[in-house]
Amino acid sequence: MIGAVVFDLDGVLIQSEEVWDEVREAYVRERGGRYDEEVQRALMGMSSTEWSRYLHDVAGVPDAPEEINAEVVRRMLAAYRRELPLIDGAVDAVRRLAARFPLGLASSSNRALIDEVLEVAGLTLCFKATVSSEEVAHGKPAPDVYLEAARRLDVAPTACAAVEDSHGGIRSAKAAGMRVIVIPNPSYPPDEQALELADVVIHSLDELTPELVDAAD
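Attention in this report is confined to the structure presented alongside it.

The rules behind these values
- Residues numbered from 1 in each chain as written.
- Predicted model: local features only at pLDDT ≥ 70, side-chain atom pairs only at ≥ 80, totals over all residues.
- Heavy atoms only, no water.
- Core = buried A, V, L, I, M, F, W, Y, C linked by side-chain atoms within 4.5 Å.
- Buried < 20%, exposed > 50% of the residue type's maximum accessible area, 1.4 Å probe, protein only.
- Helix = DSSP H or I, 4+ residues; strand = E, 2+ residues; numbered from the N terminus.
- Contact = heavy atoms within 4.5 Å.
- Pairing = 2+ DSSP bridges.
- Patch = residues over 30% accessible without salt bridge, like charges linked within 9 Å, V, L, I, M, F, W, Y side chains within 5 Å.
- Areas by Shrake-Rupley, 256 points an atom, 1.4 Å probe, with all protein chains shown as cover.
- Salt bridge = Lys/Arg side-chain N within 4 Å of Asp/Glu carboxyl O.
- Lys, Arg positive; Asp, Glu negative; His and termini not counted.
- Charge placed at Lys NZ, Arg CZ, Asp CG, Glu CD.
- 1 Å grid on protein atoms, 1.4 Å probe; cavity = no way out; pocket = protein on both sides within 12 Å on 5 of 7 lines; lining within 4 Å.
- Points joined across faces, edges and corners; volume = space filled by probe spheres on them.
- Nonpolar A, V, L, I, M, F, W, Y, C, P; charged D, E, K, R; others polar.
- Phe/Tyr/Trp six-rings, centres within 6.5 Å; stacked < 30°, edge-to-face > 60°.
- Lys NZ or Arg CZ within 6 Å of the ring centre and 35° of its normal.
- Axes fitted to C-alpha atoms, helices over the stretch in contact; angles between N-to-C directions.
- Expected span 1.5 Å × (residues − 1).

Regarding the nonpolar core
Right, so step 1: Judged by nonpolar contacts, the single largest core of 56 residues is most densely connected at F7, F127 and L208.
Right, so step 2: Of all the elements, helix α4 (residues 65-82) adds the most residues to this core, at seven residues.
Right, so step 3: What F127 contacts, discounting residues up to four positions off in sequence, is F7, L13, V94, L103, G104, L105 and L118.

Here's what the structure looks like:
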């Protein structure tokens, strides 16, 4: 039986990939680096430690990775405070599942961004455990962030269902041993190989019900 549900954040609860893309592209170009489709796709799912290092080492941003991370997060927080890009049905879906399951969150976003989003959305108390990939050794598609979420929830990974949207996130949750419910991101759809790993594919958060989660077992 499914004993807990672990949500991804970006692309599942907030339509933030476009915000990340816009903020990082503007910053990288300002600093004289390279930002193209290859760079953008490489960054998806990376932890903050990984993507800030990538922008320095591969994309040619001259600033130290720590400075890159801090400035991008500062700009992301400012963007969220102007307008939080909640996906339709996100708040209702979280509250609906929180009434039935303990909830976790496993995100590639920085801790400051996770906390800001949940606070502004009024969802902080719905989650028993939240994990940023900056708090584990490896970002998605490695399973670390999902394994840590299960540990904090005190539920075996194999008794958890994950809600994901991207190729890296699907692979991460599946590698952790979780059942994976996928809502494909229309802007950055997962590749076919990742999608084949899904246990359930739905097309909106309105379809995400306790009954559907139970059926994923």
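There is more to say after this.
Looking at the pairing of strand β3 (residues 129-132)
Right, so step 1: Both faces of β3 are covered, namely the face carrying A129 and V131 and the face carrying T130 and S132.
Right, so step 2: As paired strands, strand β2 (residues 103-107) and β3 are joined by four bridges and run parallel to one another. What sits directly across from G104, in β3, is A129.

Observations concerning a negative patch on the surface
Right, so step 1: A cluster of acidic residues, D88, D92, D206 and E207, forms a negative patch on the protein surface.
Right, so step 2: Assignment of secondary structure puts D92 in helix α5 (residues 90-98).
Right, so step 3: Look at D92 and you get exposed, because its relative accessible area is 52%.

Considering the layout of surface pockets
Right, so step 1: Roughly 170 Å³ of volume is contained in the largest pocket.
Right, so step 2: Looking at the largest pocket, the residues that line it are G11, V12, Q15, I87, D88, I183, P184, N185, P186, H203, S204 and L205.
Right, so step 3: Grouping the amino acids of the lining of the largest pocket by side-chain chemistry returns six nonpolar, five polar and one charged.

Details of the packing of aromatic side chains
Right, so step 1: Under the definition given, this model contains two aromatic pairs.
Right, so step 2: Taking the centre distance of 6.1 Å and the plane angle of 80° together, the rings of F7 and F127 count as edge-to-face. Here F7, found in strand β1 (residues 4-7), pairs with F127, found in the loop between α6 (111-121) and β3; they are 120 residues apart in sequence, far enough to count as distant.
Right, so step 3: By relative accessible area, F127 is classed as buried at 8%.
Right, so step 4: Taken together, a centroid distance of 5.7 Å and an interplanar angle of 70° make the contact between W20 and W51 edge-to-face. Here W51 lies in helix α3 (residues 48-57) and W20 lies in helix α1 (residues 17-30), a separation of 31 residues in the sequence. Per residue, the accessibility class of W20 equals that of W51, and both read buried.
Right, so step 5: Geometry around W51 places R24 over its ring, the cationic atom sitting 5.0 Å from the centre.

Some points on the sheet that holds strand β5 (residues 179-182)
Right, so step 1: Reading across from one edge, β3-β2-β1-β4-β5-β6 is the order of the six strands in this open sheet, with parallel pairing throughout. Every interior strand has two partners, whereas the edge strands, β3 and β6 (200-201), have only one.
Right, so step 2: In terms of strand pairing, β5 meets β6 through two bridges, oriented parallel. The residue of β6 that forms the bridge with V182 is V201.
Right, so step 3: Contacts from α6 reach β2 and β3, with the element oriented near 140° to β3.

Some points on α1
Right, so step 1: An ideal rise of 1.5 Å per residue puts 20 Å on 14 residues; α1 measures up with 20 Å between its terminal C-alpha atoms.
Right, so step 2: Considering only its buried residues, α1 is in contact with α2 (37-43), α3, α4 and α6.

So, the pattern of salt bridges
Once the charged atoms of two side chains with opposite charge are near each other, the side chains can pair.
Right, so step 1: Scanning the model with the defined rule gives 20 salt bridges in all.
Right, so step 2: For E71, the salt bridge is made with R75, and the minimal N-O distance between the two is 2.7 Å. Here the residue E71 and the residue R75 both occupy positions in helix α4, the gap between them amounting to four residues, near one helical turn. Each member of the pair, E71 together with R75, is buried.
Right, so step 3: Residue D214 is joined to R100 by a salt bridge in which the shortest nitrogen-to-oxygen separation is 3.0 Å. With D214 in helix α10 (residues 210-215) and R100 in the loop between α5 and β2, the pair connects residues that are 114 residues apart, well separated along the chain.
Right, so step 4: For D214, a relative accessible area of 33% corresponds to the partly exposed category.

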